[in-house]
Every structure is written in structure tokens, then in C-alpha cells.
Amino acid sequence: MTPTTWTSPISSSENLSDRLESVRAGITDAAASAGRSAESITTVVITKFQPASLIIDLAHLGVRDFGENRHQEAQAKAAELADLGLTWHFVGQVQGKKARAVRTYASVIHSVDRTSLVNALSSPALTSSAPSSSAAPEVSGVDCFIQVNLTDDPARGGVAPAGLEPLVDDVLSAPGLRLLGLMAVAPLGEEPRRAFARVRALHEGLRRMAPGATALSMGMSGDYRDAILEGATHLRIGTAITGNRPDHG
Ligand SMILES: *Cc1c(COP(=O)(O)O)cnc(C)c1O
């Protein structure tokens, strides 16, 4: 006799939508515990090492914000998927000589951490007095976060908390940069909630200098609930949504 039911192989895109739904539910939950609205939180899905096809699947599931951490990969994906109208976030360390190229596709740079990078990203066109025969030069600004390093290891990227104030001044006076707020990665070996509370305190100091810089980019797959409890407005979530990365865990 024939079986009355059969189980179809679960396609990877069904898994993808399940994972996305479960993270969305986790965000709604944590936001409710924090007395915040989930709508005030932007989820940037980090797709480093993932194929463009996965980004297309996520776009069909309603995701608009994507993040990458390596320039060449990000540039190629942004070009290939240009007609989807996605918003690209750059979350990795930016080499000075790549800064202007990153600006051409990234709407938001989460990892501004030094004055030389601020200078490389800013728009001389806004202050240039050189005569130009062309029409308006391309001077659309870029949104940025200052990344704070919560470890003692400078290789981790981010400015040390002690260097934050002068860097804020530099960003605020740089043409073409809009300061959204602070970004941080919780260090290994510290409770994420405590680390995020430190960032929150630094952010309060920042807002006295820059009242408009209200955003906080923090929270990844393993710690986004803690980040929401400490005021995160931008989560950067990779594997909890995408599944494991094809290489480089
Ligand atoms: C990879 C990455 C993430 C996402 O990490 P998951 O653990 O996969 O969620 C977030 N932020 C930065 C800066 C990253 O490089």
C-alpha cells in the first residue's frame, strides 16, 4: 500500500526562512523585555563568505540590509546585485587606500577607527575650490559608526576608549561623513552584557558631543539579546540567519 504522507526534503531556503523567523522572534522578545519596539532595531545580515544566491534568497524574504567585511568580496556582490536596491554595510577593517572605493557601494561604514581613515573617507569635493566644468560633483555623504575596541589588542580594530573623543571631533568636522554612533564587538572572555554596558556608557559621553549620533551597532549571532538590552539599534547577525559560512567559520 502507498504511504499516505511523505516528507519532502527540506530545502535550504526553507531552513533559511526558519532561521530568519527565529531570529526575528528573538529580537521581538528581547526588545519587549527591554521595553523597546522591535521596529527601532535594524538587523544587518552579515553575508561574508556566502554566495550571492543566498543574498537573493534573503532579499526575497524581505531583508534589505546586508553587511560584508572584505572590500573585494563586498564590491563584487554589490555590483552583481545592484538591481535589487539593497543597502550595503561595511563592517570590516578598512584599508586607507580602499576607503574611497568602499564609499562607492557602502551606505554605512561601521568601522571608522582612526583619523587617517576619516580623512580618506571625507569628501574633498565639498571644500575644494578647484574649478570644475562638470555639473554637481558626486558628494553624497556616507553614514558611519566609530568602532570602539573593547580589548587590549590593537589588531582587533577600533579606537581605544581613551582615543574616542578626539576621533569624534575629527568625524564631526569631516565633510561628507555623518556620524550615526558607536560600534563594538564583545570580546571573548567577558560577559557580552557587561561589554555592551561599557559601550552604552561611552555612547552617553558621545551624545553630549554629538546629540544626533543616537545609534549603537552591537550584537551578533550569539549575543544580540544582550546587545538589545543595552540599547543596540543595529544588530550585525551572520550565522544565526545564514547558517554556517562555507569556509572560515
Ligand atoms: C562576521 C561578523 C559579524 C557576524 O558574526 P556572526 O557570529 O556570524 O553573527 C558581526 N560583526 C562583524 C564585524 C563581523 O565580522
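Residues numbered from 1 in each chain as written. Predicted model: local features only at pLDDT ≥ 70, side-chain atom pairs only at ≥ 80, totals over all residues. Heavy atoms only, no water.

J.: Is there a simple way to explain the confidence of the model for the protein in this structure?
T.: Detailed conclusions should not be drawn from predicted coordinates in areas where pLDDT is low. When pLDDT is averaged across the protein, the result is 91; 88% of the residues are at 70 or more. Low confidence marks residues 127-131, where pLDDT is under 50. Its contacts with residues over four positions away, or in another chain, come to one contact. (pLDDT = per-residue confidence, 0-100. Contact = heavy atoms within 4.5 Å.)

J.: Looking at this structure, I do not really get the site of the ligand. What am I missing?
T.: Near the ligand, the surroundings consist of Ile46, Lys48, Asn69, Val91, Met220, Ser221, Arg236, Ile237, Gly238, Thr239 and Arg245. Between the ligand and arginine 236, the relevant distance is 3.0 Å, taken from a nitrogen atom to a side-chain nitrogen or oxygen of the residue. Contact with the protein chains removes 87% of the 390 Å² of surface that the ligand exposes when unbound. Judged by the fraction of its atoms near the pocket grid, the ligand is located in the largest pocket. A breakdown of the residues in the shell around the ligand according to their chemical character gives four nonpolar, four polar and three charged. (Near = heavy atom within 4 Å. Polar contact = N/O pair within 3.5 Å; in protein donor to acceptor, adjacent residues only side chain to side chain. Areas by Shrake-Rupley, 256 points an atom, 1.4 Å probe, with all protein chains shown as cover. 1 Å grid on protein atoms, 1.4 Å probe; cavity = no way out; pocket = protein on both sides within 12 Å on 5 of 7 lines; lining within 4 Å. Sits in = over half its atoms within 2 Å of the grid points. Nonpolar A, V, L, I, M, F, W, Y, C, P; charged D, E, K, R; others polar.)

J.: Looking at this structure, how should I read unusual backbone geometry?
T.: A negative phi angle is the norm for most residues apart from glycine, just as the trans form is the norm for most peptide bonds. The phi torsion at phenylalanine 49 lies on the positive side, around 70°, for a residue other than glycine. Examined against the element boundaries, phenylalanine 49 turns out to sit in the loop between strand E1 (42-46) and helix H2 (52-60). With relative accessibility at 17%, the residue phenylalanine 49 sits in the buried group. (Helix = DSSP H or I, 4+ residues; strand = E, 2+ residues; numbered from the N terminus. Buried < 20%, exposed > 50% of the residue type's maximum accessible area, 1.4 Å probe, protein only.)

J.: Sorry, what's going on with the pairing of strand E4 (residues 108-112) here?
T.: Regular strands show a simple pattern: their side chains alternate between the two faces of the sheet. Where burial is concerned, most of E4 is hidden: five out of the five residues are buried. Bridge count for strand E3 (residues 87-90) against E4 is two bridges, and the pairing is parallel. Within E4, the position partnered with histidine 89 by the bridge is valine 108. Crossover connection from E3 via helix H4 (residues 99-105) to parallel E4: handedness right-handed. (Pairing = 2+ DSSP bridges. Right-handed = clockwise from strand over helix to strand, strands pointing away.)

J.: How do you make sense of the packing of helix H1 (residues 12-33) against H2 when you look at a structure like this?
T.: Two numbers describe a pair of packed helices, the interaxial angle and the distance between the axes. Two elements in contact, H1 and H2, have axes separated by 11 Å at closest approach and are oriented at 55°. With respect to each other, H1 and H2 are oriented oblique. For H1 against H2, the interelement crossing comes out right-handed. Residues Ser13, Leu16 and Leu20 of H1 form the contact with H2, whose own contacting residues are Leu54, Asp57 and Leu58. Within the contact of H1 with H2, the residues separate by chemical class into four nonpolar, one polar and one charged. (Axes fitted to C-alpha atoms, helices over the stretch in contact; angles between N-to-C directions. Parallel < 35°, antiparallel > 145°, perpendicular 65-115°, else oblique. Left-handed = near helix turned anticlockwise from the far one by under 90°.)

J.: I keep staring at the nonpolar core and nothing clicks. Help me out?
T.: Within soluble globular proteins, side chains that are nonpolar tend to cluster in buried spots. Leu58, Ile109, Ile146 and Leu235 are the most contacted members of the largest nonpolar core, which totals 62 residues. Element by element, the count of residues in this core is highest for H1, at six residues. Discounting chain neighbours no more than four positions away, the residues touching isoleucine 146 are Val112, Val159, Leu164, Leu167, Val168, Val171, Leu179, Gly181, Leu182 and Met183. (Core = buried A, V, L, I, M, F, W, Y, C linked by side-chain atoms within 4.5 Å.)

J.: Is there a simple way to explain the side chain of histidine 203 in this structure?
T.: With respect to the helices, strands and loops of the structure, histidine 203 is situated in helix H7 (residues 192-209). If we ignore the near neighbours within four places in the chain, the residues touching histidine 203 are Gly181, Leu182, Ala213, Thr214, Ala215 and Leu216.

J.: Explain the environment of leucine 61 here, please?
T.: Of note, leucine 61 is situated in the loop between H2 and strand E2 (65-68). Remark: the alpha-carbon pair of leucine 61 and serine 17, spanning 44 residues in sequence, is separated by 7.0 Å. Sequence-distant contacts of leucine 61, that is, excluding residues within four places in its chain, are made with Leu16, Ser17, Leu20 and Arg24.

J.: Please clarify how the layout of surface pockets should be interpreted in this entry.
T.: By rolling a water-sized probe across the atoms, one finds the places where empty space is left. Estimated volume of the largest pocket: approximately 660 Å³. Considering the residues around the largest pocket, the lining is formed by 26 residues, among which Lys48, Arg156, Val185, Met220 and Arg236 are closest to the centre. At the level of elements, strand E5 (142-148) and strand E8 (234-237) are the ones that each hand at least two residues to the lining of the largest pocket. (Points joined across faces, edges and corners; volume = space filled by probe spheres on them.)

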